[in-house]
Amino acid sequence: MNYFPIIGKQVWSLCLFSLWSLASLSCTSVFAANLEWYPFAINEEQLSNITDFSGLNHPLSNADRLFVKGAHFYKVGVDKKANTNDDQRVRLFGISLSGPANFPREEDAPKIAKRLRSLGFNAVRLHHLDSVLSDSEEKPQGILTTGAYPSFNSVAVQRLRTLIDALSREGIYVNLNLHVGYTFRYAVDQLTPLVPGESMPFASSPMHLFEPRMVALQVEYAQQLMRRLQLNNDPALAMVEINNESSLVGAWQRKDIDALQGEYQRLLQQQWQRWAQRQHGTLDKACHVWNSCGLVKQGTLLVRQDEAKVLAFGEGWVARGQQLAKRALDKIDVATPAILEPKFKAQEEGAERRVLDFVRFLSEMDRNYLDTMRKAIRAEVGHLVPLTGTQMYYGGILNADAQKDMDYLDQHFYVDHYDFPHQQWDRNDWRMKDQSAVREGWEPLLKQAFYRDVQKPFVISEFNQAYPNRQSAEILPVMVAIASAQDWDGLFFFQYVDGNSWKALPDSFDLSGNGGQLVTTGISASMFRQFQIPALRESLVIPLLPEARLMVAGMGEGVSSNAYFDFLKSTHEIVPKDAFFKRIGIDVKLKSPPQISTLHKTVNDAANLDSAWYANGGQMVTDRAAPNLYFLGSYSALFAGYAPLTNARSRTEFLFPTFSRESRQFGVMLLVTRDAKPLIKSRRLLLTLSGATTGSQPDTFPTRPKNVVPYPGEAGWWTLEPDAANATKPSGPRDATGPVWLERINVNFFYPTTMKHMTIFPLDGDGQRLPAVSRTDVVRTGQGFKIALNKASPWYEIVLFDND
């Protein structure tokens, strides 16, 4: 289909939105951004050699089975034995398939696998298998039927096994997710009944972590799922995630424990009582230690007034726990410079101790649940397959205790996640901040490094900067740069496509159809999987003693990350910025403070006093004033973010851009060699230039890009302009209408080389060459080429040669 071939300019003006009749909007703020658009669709089925990264993969065999060695993932090698000389380090660059996307038709599975291979992926996360109950054989939406849990949809099981086989042939591992979204039904599943009028929360969280029958049924589900998929001794199985985004400690911090009612409240209280009795000997002794829980004075004795109050965990415990733990933190006696861990102990008696005892109890309950699941999984797939429990930020740093016997730690990270001011996931009422990973998302990203256990691999199993965020093209290369520098072990983008439509159009979190992100994927994969960005030379290991982890959890760290980082700053002078200069890890095995020659000091050397931070000898630089991120390696280079206030560097520095004055001064540039030679010797390279991506406004002629507009009545929030059919709604849908439009990036930069000649070809949606860039835009100078690019394409093939 041919679309009206225009180049669209979007000049955002608050005057455009007078239709909302909002007094707060004024025509005085005329100019927000100037975007120049062109229509462009990427053919994900048939990419040319220069844009196809399939060569990174090979079909999986028994030699490719993954296991954990030290703090990283390895494959067993040709001898098929773990911990031998031929073991080889592996990084996973993956993507999620969610819900129905896991159950494609048999004839489609090989196509999907080839698509993902060509983009450079070597792992797929099988997510939300259990979230939707589906009896359909034609189009299964989930792996479970409406029968009693766990009842399996045989067609879905067979389709998933077919997909796993197709992925394996293309060199792609799978990450199996177990409990994600299944919500138990107390009548159908014969469970403890709810209070009349109460409904089971999504995924039955947190009851599924402590209700015995729910736990037993999850064991049965895990066993049957792995048997039906025949995953024992299958090299395609890279890892297993037991429980998505849920822990009892995290539920307490979010006040979900306080919300328990009826029999579920009583059940947890009984478990809490037994724990307190084991810990203190008797309940009376516990009450005396706590100096609380309903004790009243009778003569000279304190006696329990009400057993319910002894066992209570509601009544504002979260707020009180944070207040009391914070008070204890303020009293910490910071160590002398010879000792890295401060000298303090959590309160040994009183109300503070009661709060911290309860948090410890919840953490041990989390560990009991994970240990039960771990034993069941090990019985099905053996001892090599790496396992993790849940994501670290659902409970915070204390989750490291609950996951003591897990093989790796996991985390999720999003820049500018959607906000729904009225109803969750409302298609026509949502908003975003339009943030940037190198600006608002920078410090939160660096903070992820402080959740890595130095003894275990570290994985980000979900990350994104979703459509229509205008800076979303930066997320893949920026994540790869930080993950590589920190020497993390796996990245999984969320997600590939909506499995019901398989349309190659921008749609919320989907990668498919999002051209600005798609063109960065292969180069990002190459950088991460081939270790092209070296790990930081220095490391910083933070000893966190058990009482410190407990104290931070008691301060509500899983809800507000500031608690953990306030603790690190006040006790160790450690701040998130340190993660740009040093590999960060926590050591949770220490029982007492280590002797350290000097106390860590925040990085503040002369080279980093101004807005520019330099890492690894200047190989990676971030300009915090702009802001942007720049990396120049042996085989690849990247620039992501905003142009600096002064562009003096760009005249002589490799790939450092000068954007058009008329632009918004943002862009993402990636460069990689495609002939396996270093940059200084390469004769064939792939360059990508990307920015914003948008769909089309329906029912307009000529076809035009859909605009991002202010969310009505809320300063600082943005959304998509409504469709004409829903003009009274504040937002347009997040699933785009075609054609897709990309932001044109007009840029000048310098390419140093001794080669005499350079030809640059813009590439079309198949990655095939278009007519070469004019010679007047590729000018030879004494030390290289001055290049000006302004074509309607997000990627270019660069060819260098000496012959005339």
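Before any of the text, the structure's been laid out above.
Residues numbered from 1 in each chain as written. Predicted model: local features only at pLDDT ≥ 70, side-chain atom pairs only at ≥ 80, totals over all residues. Heavy atoms only, no water.

K.L.:
For this particular structure, what's the right way to read the packing of helix H1 (residues 109-118) against helix H2 (residues 154-169)?
P.N.:
Describing two packed helices takes the angle between their axes plus the distance from one axis to the other. Viewed as axis vectors pointing N to C, H1 and H2 meet at an angle of 40 degrees, and their least axial separation amounts to 8 Å. As the angle between them shows, H1 and H2 are arranged oblique. Helix-helix and strand crossings are classified by hand; for H1 and H2 the assignment is right-handed. Judged by residue contacts, Ala109, Pro110, Ala113, Leu116 and Arg117 of H1 engage Thr162, Leu163, Ala166, Leu167 and Arg169 from H2. (Axes fitted to C-alpha atoms, helices over the stretch in contact; angles between N-to-C directions. Helix = DSSP H or I, 4+ residues; strand = E, 2+ residues; numbered from the N terminus. Parallel < 35°, antiparallel > 145°, perpendicular 65-115°, else oblique. Left-handed = near helix turned anticlockwise from the far one by under 90°. Contact = heavy atoms within 4.5 Å.)

K.L.:
Sorry if this is basic, but what is going on with the environment of Gly554 here?
P.N.:
Looking at where Gly554 falls in the secondary structure, it is placed in helix H14 (residues 546-554). A sequence separation of 156 residues divides Gly554 from Leu398, and the C-alpha atoms of the two residues are 9.5 Å apart.

K.L.:
Help me understand the nonpolar core in this model?
P.N.:
It is characteristic of soluble globular proteins that their nonpolar side chains tend to be buried jointly. One finds Leu92, Ile143, Leu176, Phe450 and Tyr564 to be the most contacted residues of the largest nonpolar core, which totals 182 residues. If sequence neighbours within four positions are ignored, Phe450 has contacts with Ile397, Ile542, Tyr564, Phe565, Leu568, Ile574, Val575, Pro576, Ala579, Ile584 and Ile586. Listed in part, the 29 residues of the second largest apolar core include Phe639, Phe654, Val747 and Tyr751. (Core = buried A, V, L, I, M, F, W, Y, C linked by side-chain atoms within 4.5 Å. Buried < 20%, exposed > 50% of the residue type's maximum accessible area, 1.4 Å probe, protein only.)

K.L.:
It is not clear to me how the sheet that holds strand E20 (residues 628-632) should be interpreted in this structure. Could you clarify?
P.N.:
Two strands in a sheet stick together by hydrogen bonds in their backbones, pointing the same way (parallel) or opposite ways (antiparallel). The eight strands lie next to each other as E18-E19-E20-E21-E23-E24-E33-E30, forming an open sheet whose pairing is antiparallel. Where the open sheet ends on each side, the last strands, each with one partner, are strand E18 (612-615) and strand E30 (757-762). Adjacent strand axes in the sheet meet at a mean angle of 15 degrees, parallel and antiparallel pairs treated alike. Note that E18 and strand E19 (residues 620-623) share four bridges and pair antiparallel. Bridge assignment links Tyr614 to a residue of E19, and that residue is Val621. (Pairing = 2+ DSSP bridges.)

K.L.:
Sorry, what's going on with unusual backbone geometry here?
P.N.:
Trans peptide bonds make up most of the peptide bonds, and negative phi angles are found at most residues other than glycine. A cis amide bond links Tyr149 with the next residue in sequence, Pro150, at an omega value of -5 degrees. Inspection of the secondary structure puts Pro150 in the loop between strand E7 (123-127) and H2. Look at the link from Phe701 to Pro702: it is a cis peptide, with omega at -5 degrees. Counting through the fold element by element, Pro702 comes out in the loop between strand E25 (693-696) and strand E26 (708-710). Positive phi, close to 50 degrees, is recorded for Ser508, a residue that is not glycine. Position of Ser508 relative to the elements: it lies in the loop between strand E15 (490-493) and helix H13 (515-529).

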